[in-house]
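Given next are the chains, with one letter for each unit.
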Amino acid sequence: MTLPETAFATLADLLRGLCEDPLPDLAPDTLLADIPGLDSIRLLEAVALLEEAFEVEIDTAALDGLRRVADILAAVAKGRPQG
Amino acid sequence: MPCHLLVDGCKVEPEAGAEDWFSFRLRLPAREIRLVSPAGRPVDRGQSTDARLLGLRLFGLSWSKGEARFDVPLTSLGFGEGFHDLENTTFRWTNCDALLGDGLVPDRRGEVTLRLRAQPLPPEFPAADGAHADAALLARFESLGDDCELGFVQRHFDATPPLGLFRWSGSSYAQLLAGLESGFDGLGDQEQTSITVRDGEYRLGCAYMSMHTFHAAVPDTLQARLEVLRRGCSMLRLLRRKLLAEIASGRRFFVFKSADPGFDRAAMLRLHAALRRHGPAPLLCVSLAPPGSPAGEVVRVMPGLYAATVDRFVLAEGPYAQWRQVCFRASQLQQADAA
C-alpha cells in the first residue's frame, strides 16, 4: 500500500477505537463533523496517534482547518520526520 | 466593499472590476490569507430554515502571476475552514471569515493576483448585525487558562475556539507561568502526568494544568486508565507544539483571565515576559473591575500587553458585550502598536 492508503487505513482504525459510536464507511471526502462521536478532543487524539504511527510531526497550523478525512491525511503526508 | 482579504492580518481591498469579479493583488508567500465578508443567516429572514452563516457565494477562484494562471476547482479538498460544502457542483458559500489554506494557494513567490467570481449575500437576506465582524474578531483569541470562559464567549458569537492546549484545561497563574517559563518542559511525559476520575470522567493532571478527557470512566479499569493516559499524553505533546508555534507566529491573541486580586500589573508583566520567550504574540489580561470602577475598559500596559476589566465572571452566562468590547479594543490597540 502507498503512504496515503496506509495512513487512511491506520486513521480509520484509530477512529474506530476512539469513537464510541459505530462508524459510517469512511472515505477521504468524509466530513469529520459527520463522524458520530468524533468531537474535537478525539480528533486531536487521533491526529497525535497518527503522528506517532508514522513518526512525523505535522504542521500544527493545519489543525484548526481540518474538515475532512483527506485533510488529516494531507497533513500527515506533508509532515516532517520526528526529530 | 462586499469582501476583502486579510493577508497576515493586513487588509487588502479588491480592485475595481467587472460585476461578480473581485481581484486582489498580494505578495506570496504569506502565513495566512483570509477572505472576509459581511454575512447573515437566511433563517433570520423567516423564509428559510437555513441557519448557516453565509457570506460570499463563490463560483470560481484563480491565481495569476504574469502570464501563468492557476485555477482552483471548487471540488478541491483545500476548501476547509470557513467554507460550506459545494452546492449544485457550481458554487460554495463562505461564512464570514474563510481561510485560504495551503491547498488553495499556489506555491509561488512575489506579487500575484487572486481573482474571485463571487456574489455577496442577496439583499433579501440582510446581513446579521455585526455577526460576521464579531465572529472574525473573537476567533483570533485563544485562552491561556484559568477556565473555559473565553470559549463560551467565542461560541456565543459563533466563533470556533482554536484547538488549543487550554481549551479543555484549567490552570492557575502559577501553573501557567511555570509552563511558559520552562517551555512546558515535560508536558506529555507519562511519568509526569496523573490520571484521576472526577464526576465519572477521566482527567489528566500535571504541573501546568488539569485537563478534561471526556472519556467516561465506566468501567474504571487499570487497562482503561493506561490507555486514556497514553492517548492523552500524545495529545498533550501535540498541543504543546501547537501552542509554542502559535506564540511564535504572533497570529493569535492570547488571553489570561483571573479573579485573584493579586493578579496585578507586576504579575501581568511577568506573564508577558514569559510569553515573549517564545514569540511576539500579544497578551490580554482580564480581571474584575474594582467596585465603583467602570468595566469593559482596556489599557496598554506596554506594546503587546493589554489589561482589561469586566464586572463579573460567570461561566456560560458571561457578560458577553463586555468581553466583545475588551477584545475589540485590545485588537485596536495591538494593531496600532504593530503599525
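Please read all numbers here as calculations on a predicted model, not as lab measurements.

Concerning the overall build of chain B
Along the backbone of chain B there are six helices and 19 strands. On C-alpha atoms alone, chain B measures out to a radius of gyration of 22 Å, which is about the 20 Å that the 2.2 N^0.38 rule sets for 339 residues. Along the first, second and third principal axes, the C-alpha set of chain B runs to 60 × 55 × 45 Å. Looking at chain B as a whole, 52% of its 339 residues are labelled buried. Taking the intrachain contacts of chain B between residues at least 6 apart in sequence as the baseline, contacts between residues at least 24 apart amount to 62%. Carbon and sulfur atoms make up 51% of the accessible area of chain B, which totals about 15,500 Å². Treating the 39 positive side-chain charges of chain B as one cloud and the 40 negative ones as another, the clouds have centres 4 Å apart.

Here's the deal with the pattern of salt bridges
One pass over the full model with this rule turns up 34 salt bridges over all chains. A salt bridge links B:Arg251 to A:Asp64; the shortest N-O distance between them is 4.0 Å. Residue B:Arg251 is located in the loop between α4 (222-249) and β16 (253-258), and its partner A:Asp64 is located in the loop between β1 (56-57) and α3 (69-77); the two belong to separate chains. Note that B:Lys11 is salt-bridged to B:Glu13, the shortest N-O span being 3.6 Å. For B:Glu13, a relative accessible area of 38% translates into the label partly exposed. One connected set of salt bridges, linked through shared partners, spans A:Asp64, B:Glu32, B:Arg34, B:Glu81, B:Asp97, B:Glu142, B:Lys242, B:Glu246, B:Arg251 and B:Arg252.

With respect to the packing of aromatic side chains
Residue and element names in this part refer to chain B. Counted by the stated rule, this structure contains 10 aromatic pairs over all chains. Between Phe157 and Tyr320, the ring centres sit 6.5 Å apart and the planes meet at 90°, which makes this aromatic pair edge-to-face. Pair noted here: Phe157 is in the loop between α2 (149-156) and β12 (169-170) and Tyr320 is in helix α6 (residues 320-338), with a separation of 163 residues, a long-range link. Residue Phe157 is classed as buried on the basis of its relative accessible area, which comes to 10%.

Some points on the sheet that holds strand β1 (residues 4-7) of chain B
Each strand in a sheet pairs with another by means of backbone hydrogen bonds, the pair being arranged parallel or else antiparallel. Residue and element names in this part refer to chain B. As summarised here, the arrangement of the four strands in space is β2-β1-β4-β9, forming an open sheet in which the pairing is antiparallel. Strand pairing shows two members of the sheet lacking a second neighbour, β2 (10-12) and β9 (97-99), which therefore form its edges. Here the strands of the sheet are splayed against their neighbours by 30° on average, with no regard to which way each runs. Pairing analysis gives three bridges linking β1 to β2, with the strands arranged antiparallel. Bridge pairing links Leu5 to Val12 in β2.

Here we look at the interface of chain A and chain B
The interface of chain A with chain B comprises 27 residues on the first partner and 32 residues on the second. Note on chain A versus chain B: buried area summed over both sides is about 2,500 Å², and carbon and sulfur give 54% of it. At the boundary of chain A and chain B, one finds nine salt bridges. Taking the shortest distance from any N to any O, the salt bridge between A:Arg68 and B:Asp85 comes out at 3.0 Å. For the pair chain A and chain B, the number of links is 16 residue pairs in polar contact (both at pLDDT 80 or more).

Criteria and cut-off values
- Residues numbered from 1 in each chain as written.
- Chains lettered and ligands numbered in written order.
- Predicted model: local features only at pLDDT ≥ 70, side-chain atom pairs only at ≥ 80, totals over all residues.
- Heavy atoms only, no water.
- Helix = DSSP H or I, 4+ residues; strand = E, 2+ residues; numbered from the N terminus.
- Rg over C-alpha atoms; globule rule 2.2 N^0.38 Å.
- Buried < 20%, exposed > 50% of the residue type's maximum accessible area, 1.4 Å probe, protein only.
- Contact = heavy atoms within 4.5 Å.
- Areas by Shrake-Rupley, 256 points an atom, 1.4 Å probe, with all protein chains shown as cover.
- Lys, Arg positive; Asp, Glu negative; His and termini not counted.
- Charge placed at Lys NZ, Arg CZ, Asp CG, Glu CD.
- Salt bridge = Lys/Arg side-chain N within 4 Å of Asp/Glu carboxyl O.
- Phe/Tyr/Trp six-rings, centres within 6.5 Å; stacked < 30°, edge-to-face > 60°.
- Pairing = 2+ DSSP bridges.
- Axes fitted to C-alpha atoms, helices over the stretch in contact; angles between N-to-C directions.
- Buried area = accessible area lost by both parts, 1.4 Å probe.
- Polar contact = N/O pair within 3.5 Å; in protein donor to acceptor, adjacent residues only side chain to side chain.

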